[in-house]
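Chain by chain, the residues run as shown.
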Amino acid sequence: MKNKSYLIRAIAGMLVVSSFAMCTKNKIDGPLSTPSVTNAKFSSLAITDCTYTIQPSEWMVDGTNIPAGSTVCIPAGKRGALLLKNFKGTAAAPIVIINKGGKVTFSTAVTASYGFKTQNCQYFKILGNGDPDTEYGFDINGGNIGMTMDNLSSDFEIANVEVRNSGFAGIMAKTDPTCDETTWRGHFTMQNVILHDNYVHKTGGEGFYVGNSFYANGVSLSCGKVWPGDVVNVKLYKNITDSTGAEGIQVGSAILGCEIYNNTVKTPGVSPFASYQNNGIQIGEGTGGKCYNNVIKDAPGNGIIVLGLGDNLVFNNYIINSKAYGIFADSRYTPGPNFQFINNTIIGSALGGIKLNSETIPMNTVINNAIIQSDLVLPIIKKSSYVKLTASNNYVANDVSACQFVNYADDDFHLLSSSPLINAGANVLSYGVEFDYYGTQRPSADAFAIGATEY
């Protein structure tokens, strides 16, 4: 019955995603079939006519009378915080909010609630690529939350935005449940959340905080216990986080269509507000989907922590110098069938490579991982005999030079022809692993390589 319920919910969510996708073809960036971490020069968006121009003196704009398909311009320069309310585009004609003439800096005290906020907005894009000479055309400096899309906001794209010096989260996207039933699960679904090519650094809390963290048990309020809404179709890619107080990326309640890929997470968890909030990427309660082609460096906790639904596929990640485990998995709410950890390269994790506390999930799959660490810790650790595990073709060594990377010190993870990882892996096409960290097709040679990179 548990798995049946999970499948019904997944199918229902897929119908929602499919209906949006049919209406928005070529409107919002989706995942790449063969992703690459190579960053080409960012592309700017030519601005023709501005339907509306937000003046520096305006702290709030109500978009009720701004039509779908409009271009809303924010002129270059320094300004205070901004609140956008009731901007309603359509799937075919989203409202675009863009910088004009150069960089727009939103500057506010760290004690202020936010730097840039949306309320009750749908089908919109906030794009900082309005000037070809400015990569991050929106610069948000300060605020307790740097940038937040909440109060029933949905169907949006955020790109080319820099967020820094926030008191808590850098970029937040969620509607927390209140005693207003329109915010509850079954009444509201935040969907089609596209966050890419952003730079978030020096935050007090998470770099990216998407979806509510309490999917399984809900939240107790004065009106009783309420459950957060589902999140469907999250694409979070090509972002950089650095020196975040808590996790670089945290996603919760994302029941379907979640993909976290091609991100760089550096030095997360520098000042966590609570214990165990110092990981690189957290795949939180209620979240399924894929996490791949990311680089996570120097996490004081775990590189990737997985508390997901149990349809989680984690592959092609480089996880370097975590002070706890490279990957930590726990089955708290897991109606799905499997945690799958495939073709990751885990280097220098202090407590061990992959820790499996996931006792209730039907199977943990650990295949083709390269785990480089001290001989004093184990590469794969099971909490107990109740942990079900399928493991094969994992490579273990105690010196990163054994992998034979082209230039590990400069993050060139291509393999030399002498690497023992080449042609040593199992066939993982049936798991959906069809490319490597650089976008090279798997297998590229006679057989599959171990680790995140093919030869």
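See the structure shown above.
Residues numbered from 1 in each chain as written. Predicted model: local features only at pLDDT ≥ 70, side-chain atom pairs only at ≥ 80, totals over all residues. Heavy atoms only, no water.

Caption draft 1: Inspection of the sheet that holds strand S27 (residues 304–306) at higher detail. Strand order across the open sheet formed by 12 strands is S2-S4-S6-S9-S12-S15-S20-S24-S27-S30-S33-S36, with parallel pairing between neighbours. Looking at strand neighbours, the two that pair on one side only are strand S2 (60–62) and strand S36 (380–382), the edges of this open sheet. When the angles between neighbouring strand axes are averaged without regard to direction, this sheet yields 10°. Here strand S6 (residues 114–119) pairs with strand S9 (residues 145–150) via 5 bridges, running parallel. Within the sheet, the bridge partner assigned to Thr-118 lies in S9 and is Met-149. (Pairing = 2+ DSSP bridges. Helix = DSSP H or I, 4+ residues; strand = E, 2+ residues; numbered from the N terminus. Axes fitted to C-alpha atoms, helices over the stretch in contact; angles between N-to-C directions.)

Caption draft 2: Here's a closer look at the pairing of strand S13 (residues 189–196). Counting buried residues along S13, 7 of its 8 residues qualify, which places the element largely inside the surrounding structure. As paired strands, S13 and strand S18 (residues 230–237) are joined by 7 bridges and run parallel to one another. Bridge assignment links Thr-189 to a residue of S18, and that residue is Asp-230. (Buried < 20%, exposed > 50% of the residue type's maximum accessible area, 1.4 Å probe, protein only.)

Caption draft 3: The pairing of strand S33 (residues 352–356), seen in detail. Of all the 5 residues making up S33, 5 are buried; the element is thus mostly covered by neighbouring parts of the structure. The pairing of strand S30 (residues 325–329) with S33 spans 4 bridges and is classified as parallel. Each bridged residue has a counterpart across the sheet, and for Ile-327 the counterpart in S33 is Ile-354. Here 3 bridges tie S33 to S36, and the two strands are oriented parallel to one another. Paired with Lys-355 across the strands is Ile-381, a residue of S36.

Caption draft 4: Geometry of the packing of aromatic side chains. Taken as a whole and assessed by the stated rule, the structure comprises 23 aromatic pairs. Measuring from centroid to centroid gives 5.3 Å for Phe-124 and Phe-156, while their planes differ by 25°, and the two rings are stacked. In this pair, Phe-124 sits in strand S7 (residues 122–127) while Phe-156 sits in strand S10 (residues 154–159), placing the two residues 32 residues apart along the sequence. Using a relative accessible area of 2% as the deciding quantity, one classes Phe-124 as buried. Ring geometry for Tyr-408 against Phe-413: centres 6.2 Å apart, planes inclined by 50°, an arrangement best described as tilted. Relative accessible area serves as the criterion here: at 23%, Tyr-408 is assigned to the partly exposed category. Ring-pair connections join several aromatic residues into one group, and the members of that group are Tyr-318, Phe-405, Tyr-408, Phe-413, Tyr-437 and Tyr-438. Of note, Lys-174 hangs over the ring of Tyr-209, and the distance from its end group to the ring centre comes to 4.7 Å. (Phe/Tyr/Trp six-rings, centres within 6.5 Å; stacked < 30°, edge-to-face > 60°. Lys NZ or Arg CZ within 6 Å of the ring centre and 35° of its normal.)

Caption draft 5: Here's a closer look at the pattern of salt bridges. Counted according to the given criterion, the structure contains 10 salt bridges. Arg-185 is paired through a salt bridge with Asp-230; the nearest N and O atoms lie 3.8 Å apart. Here the residue Arg-185 occupies a position in the loop between strand S12 (171–173) and S13, and Asp-230 occupies one in strand S18, the gap between them amounting to 45 residues. Judged by its relative accessible area of 8%, Asp-230 falls in the buried class. (Salt bridge = Lys/Arg side-chain N within 4 Å of Asp/Glu carboxyl O.)

Caption draft 6: A look at the environment of Asn-294. Of note, Asn-294 is situated in the loop between strand S25 (289–292) and strand S26 (295–297). With a relative accessible area of 0%, Asn-294 lands in the buried category. The spatial distance from the C-alpha of Asn-294 to the C-alpha of Ala-452 is 9.8 Å, given a sequence separation of 158 residues. Leave out the neighbours within four places in its chain, and Asn-294 touches Ile-260, Tyr-261, Asn-262, Asn-263, Ile-281, Asn-316, Asn-317, Tyr-318 and Tyr-437. (Contact = heavy atoms within 4.5 Å.)

Caption draft 7: Spotlight on the side chain of Ser-213. Relative to the helices and strands, Ser-213 is located in the loop between strand S15 (208–210) and strand S16 (219–221). A distance of 2.9 Å separates polar atoms of two side chains, one belonging to Ser-213 and the other to Tyr-209. A distance of 2.9 Å separates a polar atom in the side chain of Ser-213 from a polar atom in the side chain of Gln-250. Setting aside chain neighbours within four positions, we find Ser-213 in contact with Gln-250 and Glu-285. (Polar contact = N/O pair within 3.5 Å; in protein donor to acceptor, adjacent residues only side chain to side chain.)

Caption draft 8: Inspection of the nonpolar core at higher detail. Residues Ile-97, Met-147, Ile-304 and Phe-341 are the most contacted members of the largest nonpolar core, which totals 61 residues. Considering every element that reaches this core, the biggest residue donor is strand S5 (residues 95–107), with 4 residues. Residue contacts for Met-147: discarding those within four places in its chain leaves Phe-116, Ile-126, Ile-140, Ile-158, Val-161, Val-163, Gly-170, Ile-171 and Met-172. Residues Val-295, Ile-347, Phe-413 and Leu-415 belong to the second largest nonpolar core, which totals 18 residues. (Core = buried A, V, L, I, M, F, W, Y, C linked by side-chain atoms within 4.5 Å.)

Caption draft 9: Quick peek at the state of the cysteines. Enumeration over the complete set of coordinates arrives at 2 disulfides. The disulfide bridge from Cys-50 ends at Cys-73, spanning 2.0 Å between sulfur atoms. Of note, the bridge from Cys-50 to Cys-73 carries an S-S torsion of about -80° and is left-handed in sense. In this pair, Cys-50 sits in the loop between helix H1 (2–23) and strand S1 (52–53) while Cys-73 sits in strand S3 (residues 71–79), placing the two residues 23 residues apart along the sequence. On the basis of relative accessible area, Cys-50 is assigned to the partly exposed category, the value being 24%. A sulfur-sulfur distance of 2.1 Å marks the disulfide that ties Cys-179 to Cys-223. (Disulfide = S-S within 2.5 Å.)

Take it as geometry only, folks, not as evidence of what the structure does.
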